[in-house]
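Spelled out, the chains give:
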Amino acid sequence: SPIGHNGLGAVAMLAGDHDAARRHYEEALRRFPLDIASRQSLALLHETVWQNPGEAVRLCEEVRQIAPATPGIDACIERNRARVSAGSR
């Protein structure tokens with residue numbers, strides 16, 4: 001189950017250890033490639049901590065491909081696409 005890795009990732013995020021959080025989420029995805037929660041958490045890190053909207057879009061698009069009805073996924077894609085477009089001017 002990816003729950004353990006996601007939990008450890010969440011604890012690391014709350015502690016401000018974003019690199020450890022990324023490692024936990026990536027390990028969850030390595031073991032459970034279809035895990036939605038790990039992708040969403042990584043997207044959040046890329047969007048808010050690392051200011052990388054392009055990677056956030058990619059991850060959110062993967063979530064939508066796996067589980068199209070995921071709440072908030074369309075907003076994640078739209079918000080980060082707009083940030084990518086604004087940065088490309």
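To be clear, the structure that these remarks concern was listed above.
Let us look at the structure shown here. What you see is a predicted model; the values in this text were computed from it and never measured. (Residues numbered from 1 in each chain as written. Predicted model: local features only at pLDDT ≥ 70, side-chain atom pairs only at ≥ 80, totals over all residues. Heavy atoms only, no water.)

Comments concerning the packing of aromatic side chains
Across all of its chains, the model carries zero aromatic pairs by this definition. In this arrangement the basic side chain of Arg22 is found over the ring face of Trp50, its NZ or CZ atom lying 4.0 Å from the centre. (Phe/Tyr/Trp six-rings, centres within 6.5 Å; stacked < 30°, edge-to-face > 60°. Lys NZ or Arg CZ within 6 Å of the ring centre and 35° of its normal.)

A word on the nonpolar core
Grouped together as the largest cluster of nonpolar side chains are 15 residues, with contacts concentrated most on Ala21, Tyr25, Leu42, Leu45 and Cys60. Those elements that place two or more of their residues in this core are α2 (18–31), α3 (36–49), α4 (53–66) and α5 (73–87). Among residues more than four places away in sequence, those in contact with Ala21 are Gly9, Ala12, Met13 and Leu45. (Core = buried A, V, L, I, M, F, W, Y, C linked by side-chain atoms within 4.5 Å. Buried < 20%, exposed > 50% of the residue type's maximum accessible area, 1.4 Å probe, protein only. Helix = DSSP H or I, 4+ residues; strand = E, 2+ residues; numbered from the N terminus. Contact = heavy atoms within 4.5 Å.)

Observations concerning the pattern of salt bridges
In this structure the tally under the stated criterion is nine salt bridges. When the shortest N-O distance is used, the salt bridge between Glu47 and Arg79 registers 2.5 Å. In this pair, Glu47 is assigned in helix α3 and Arg79 in helix α5, connecting sequence segments 32 residues apart. Under the relative-accessibility criterion, Arg79 is labelled partly exposed at 40%. Ionic contacts of the salt-bridge type, sharing partners, join the residues Arg39, Glu55, Arg58 and Glu62 into one network. (Salt bridge = Lys/Arg side-chain N within 4 Å of Asp/Glu carboxyl O.)

Regarding the environment of Pro68
Examined against the element boundaries, Pro68 turns out to sit in the loop between α4 and α5. When its relative accessible area of 56% is taken as the criterion, Pro68 is described as exposed. Separated by 33 residues in the primary sequence, Pro68 and Asp35 have C-alpha atoms spaced 13 Å apart. Those residues within four positions of Pro68 in sequence are excluded, and the remaining contacts are Val63 and Ile73.

Observations concerning α3
The end-to-end C-alpha separation of α3 is 19 Å, in line with the 20 Å expected for 14 residues at 1.5 Å each. Buried-residue contacts for α3 involve α1 (3–14), α2, α4 and α5. The first or second residue beyond α3 is Gln51, which carries a positive phi of 50°. (Expected span 1.5 Å × (residues − 1).)

Quick word on unusual backbone geometry
What is expected of a backbone is that most residues other than glycine have negative phi and most peptide bonds are trans. The backbone of Gln51 shows a phi angle near 50°, a positive value even though the residue is not glycine. Structurally, Gln51 is set in the loop between α3 and α4.

Interpretation in functional terms is not warranted from these geometric data alone.
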